[in-house]
Amino acid sequence: MIWRSAATNLLSLAGAVVGGLSLPAIALAHGVLIQARNAPAVLIEAAYDSGEPMVNAQVQVYAPNDPQTPIFTGVTDAVGRYTFTPDQPGNWEVSVRQAGHGDITVVPVAADNTITQDFTNSTELTGVQRFITAGAVIWGCIGTALYFRRGKR
């Protein structure tokens, strides 16, 4: 009789444990609604001059009708990308910054929310710009040397 009641108690305990484990899962479950839609979006790819992506860089996007307040803010992903969906045509300003480095570019968006022209915002100097910069540095060095060479009068 004692064995039978112990077995019954053990089965009751096992049933309570199994039932107790399944109840919180039911009680804690939440519904999920996932929606998808087609929307033209602008993909920004940010990288340093070396080609290394700007990972987790701060991004601010300004609408054409309000260039003072960012309408979208976020960070770039693991490969330096950020996507936003413009809601009007015009010139959208995009600022990407990270650790003192960054730039602002203008993305021209057409009425159908597509970029009106493909472009790359590169800060790399052209050959002519390099030549002018080198000439200015050399001219500055010569001028400084001549200034200090003249001595006191």
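Quick notes on the rules
Residues numbered from 1 in each chain as written. Predicted model: local features only at pLDDT ≥ 70, side-chain atom pairs only at ≥ 80, totals over all residues. Heavy atoms only, no water. Patch = residues over 30% accessible without salt bridge, like charges linked within 9 Å, V, L, I, M, F, W, Y side chains within 5 Å. Areas by Shrake-Rupley, 256 points an atom, 1.4 Å probe, with all protein chains shown as cover. Salt bridge = Lys/Arg side-chain N within 4 Å of Asp/Glu carboxyl O. Helix = DSSP H or I, 4+ residues; strand = E, 2+ residues; numbered from the N terminus. Buried < 20%, exposed > 50% of the residue type's maximum accessible area, 1.4 Å probe, protein only. Contact = heavy atoms within 4.5 Å. Pairing = 2+ DSSP bridges. Axes fitted to C-alpha atoms, helices over the stretch in contact; angles between N-to-C directions. Phe/Tyr/Trp six-rings, centres within 6.5 Å; stacked < 30°, edge-to-face > 60°. pLDDT = per-residue confidence, 0-100. Polar contact = N/O pair within 3.5 Å; in protein donor to acceptor, adjacent residues only side chain to side chain. Core = buried A, V, L, I, M, F, W, Y, C linked by side-chain atoms within 4.5 Å.

A. Region of interest: a nonpolar patch on the surface. Together, Val128, Phe131 and Ile132 make up a nonpolar patch on the protein surface, roughly 370 Å² of accessible area in all. With respect to the secondary-structure elements, phenylalanine 131 resides in helix α2 (residues 127–149). Assessed through its relative accessible area of 67%, phenylalanine 131 is described here as exposed.

B. Molecular detail of the side chain of serine 95. Tracing the backbone through its elements, the reader meets serine 95 in strand β5 (residues 90–98). In contact with serine 95, not counting residues within four places along its chain, are Gln58, Val59, Gln60, Tyr62, Asp103 and Ile104.

C. Geometry of the sheet that holds strand β2 (residues 58–63). Read from one edge of the open sheet, four strands run β3-β2-β5-β6, paired in antiparallel fashion. At either margin of the open sheet sits one strand with a lone partner, and together these are β3 (66–75) and β6 (101–109). If you compare each strand with its neighbour and ignore which way they point, the axes differ by 25° on average. With six bridges joining them, β2 and β3 adopt antiparallel strand pairing. Opposite valine 61, over in β3, you have phenylalanine 72 as the bridge partner.

D. The arrangement of the packing of aromatic side chains in detail. Evaluation of the coordinates by the stated rule reveals four aromatic pairs. Pairing phenylalanine 72 with tryptophan 92 gives two aromatic rings, centres 6.3 Å apart and planes at 25°, and the pair type is stacked. Placement of phenylalanine 72 in strand β3 and of tryptophan 92 in strand β5 is noted, with a sequence separation of 20 residues between them. Members of the aromatic cluster, each reached through a chain of ring pairs, are Phe72, Phe84 and Trp92.

E. Spatial organisation of the confidence of the model for the protein. This prediction gives the protein a mean pLDDT of 76; 66% of its residues lie at or above 70. Within the model, the stretch residues 21–30 combines pLDDT values under 50 with zero contacts to residues more than four positions away or in other chains.

F. Structural context of the environment of glycine 74. Tracing the chain through its elements places glycine 74 in strand β3. For glycine 74, the contacting residues outside a window of four places in its chain are Ala57, Gln58, Val59 and Tyr82.

G. Representation of the side chain of threonine 76 in the model. Within the secondary structure, threonine 76 sits in the loop between β3 and β4 (81–84). A polar contact is formed between the side chain of threonine 76 and the backbone oxygen of methionine 54, at a distance of 2.4 Å. Within polar-contact distance, the side chain of threonine 76 engages the backbone nitrogen of asparagine 56 at 3.1 Å. Here threonine 76 is in contact with Met54, Val55, Asn56, Ala57, Val59, Arg81 and Tyr82, once residues within four sequence places are set aside.

H. Highlighting the nonpolar core. Ile44, Val61, Phe84, Val94 and Val96 are the most contacted members of the largest nonpolar core, which has 15 residues in total. Elements with a minimum of two residues in this core: β1 (42–45), β2, β4, β5 and β6. Those residues in contact with valine 94 that lie beyond four places of it in its chain are Ile44, Val59, Gln60, Val61, Phe84, Asp103, Ile104, Thr105 and Val107.

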